[in-house]
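# Inside the fold
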Amino acid sequence: MKFRGINHLAMVTADMEKTIRFWRDLIGLRLIYGFGEGDFRQYFFEIDGQDCLAFFEWDGAAPAQRKLHGQPRSGPFVFDHIAFGMESKEEVWALRDRLEAAGFACSDMIDHDFIHSVYSFDPNGIPIEFCYEVKGQEIRRESVINDSNPPPAALEGPEPQPGIWPEVTRPTPPEEQEVKPGDGSNFIKKY
């Protein structure tokens with residue numbers, strides 16, 4: 001199988017107006033799709049040619065409680081922060097300056113060996129990171145596991161391991177591959 005990035009990462013907002021103003025007007029992501037009905041909305045922002053950030057808005061949604069990026073905490077969590085890769089350190093510094101000028105506090109530039117990062121929060125309390133890759137430290141070319149006690153699966157190497165999961169014994173036949181309408185299927189309207 002070959003994946004093409006993350007089609008979209010779906011987050012929640014309590015205020016779509018503030019979310020659009022932040023992600024489109026301050027950060028610079030294009031607003032490419034939005035639909036809604038009643039007290040429900042979903043809007044998509046283009047990160048690049050294949051990846052999007054989406055936001056749901058519904059009655060009763062509230063901003064997230066702030067948690068510092070990467071800081072351990074007990075309790076149920078499924079998410080820590082979103083890290084956006086940028087082309088250069090100049091772009092990260094320029095975005096940091098824009099965020100600060102707009103009243104969004106940012107961290108100092110942090111050196112993580114393979115990336116340098118700036119951290120902040122969006123208006124929904126979502127922790128965000130903007131980073132650029134350090135030349136000569138591209139971990140996508142050569143994997144690195146720097147863990148004093150790695151789980152056994154990590155020691156097997158970077159490539160998917162065959163035989164771990166059961167093989168498909170009955171693929172879905174084409175005549176059963178039905179696509180059902182979902183939210184937004186009737187909302188396409190162009191500007």
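See the structure shown above.
What comes next is a walk through the structure. (Residues numbered from 1 in each chain as written. Predicted model: local features only at pLDDT ≥ 70, side-chain atom pairs only at ≥ 80, totals over all residues. Heavy atoms only, no water.)

## Quick word on the nonpolar core
Basically, it comes down to this: In this description, a nonpolar core means a group of buried Ala, Val, Leu, Ile, Met, Phe, Trp, Tyr and Cys residues linked to one another through side-chain atoms lying within 4.5 Å. Only protein chains enter the accessibility calculation, which uses a 1.4 Å probe. A residue is then buried if its area is under 20% of the maximum for its type, exposed if over 50%, and partly exposed in between. By definition, any uninterrupted DSSP run of H or I lasting at least four residues is a helix, any uninterrupted run of E lasting at least two residues is a strand, and each is numbered from the N terminus. Any two residues whose heavy atoms approach within 4.5 Å at even a single point are treated as in contact.
Ranked by internal contacts, the top residues of the largest apolar core, which has 26 residues, are F22, W23, I27, F45, F55, L99 and F130. Taken together, the elements giving at least two residues each to this core come down to α1 (16-26), β3 (40-46), β4 (52-58), β5 (82-85), α2 (89-101) and β8 (127-133). For this core, the element with the highest residue contribution is α1, accounting for five residues. The contacts of F130, once residues within four sequence positions are left out, are I27, F84, M86, V92, L95, L99, H116, S117 and V118.

## A short note on the side chain of R96
With respect to the helices, strands and loops of the structure, R96 is situated in helix α2. Here R96 falls in the buried class, since its relative accessible area comes to 15%. The contacts of R96, once residues within four sequence positions are left out, are C106, S107, D108 and V118.

## Describing the sheet that holds β8
Rules: Strand pairing requires that DSSP identify at least two bridges connecting the strands. Lines are fitted to the C-alpha atoms to define the axes, a helix being fitted only along its stretch in contact, and any angle between axes, read from their N-to-C directions, falls within 0 to 180 degrees.
Across the sheet, four strands lie side by side as β5-β8-β7-β6; this open sheet has mixed pairing. Each having just a single partner strand, β5 and β6 (110-111) make up the two edges of the open sheet. Inspection of the sheet shows β6 paired to strand β7 (residues 115-121) by two bridges, in the antiparallel sense. Each residue of the ladder has a partner; that of I110, found in β7, is S117. Relative to β8, α2 is tilted by about 155°, and along the sheet it contacts β7 and β8.

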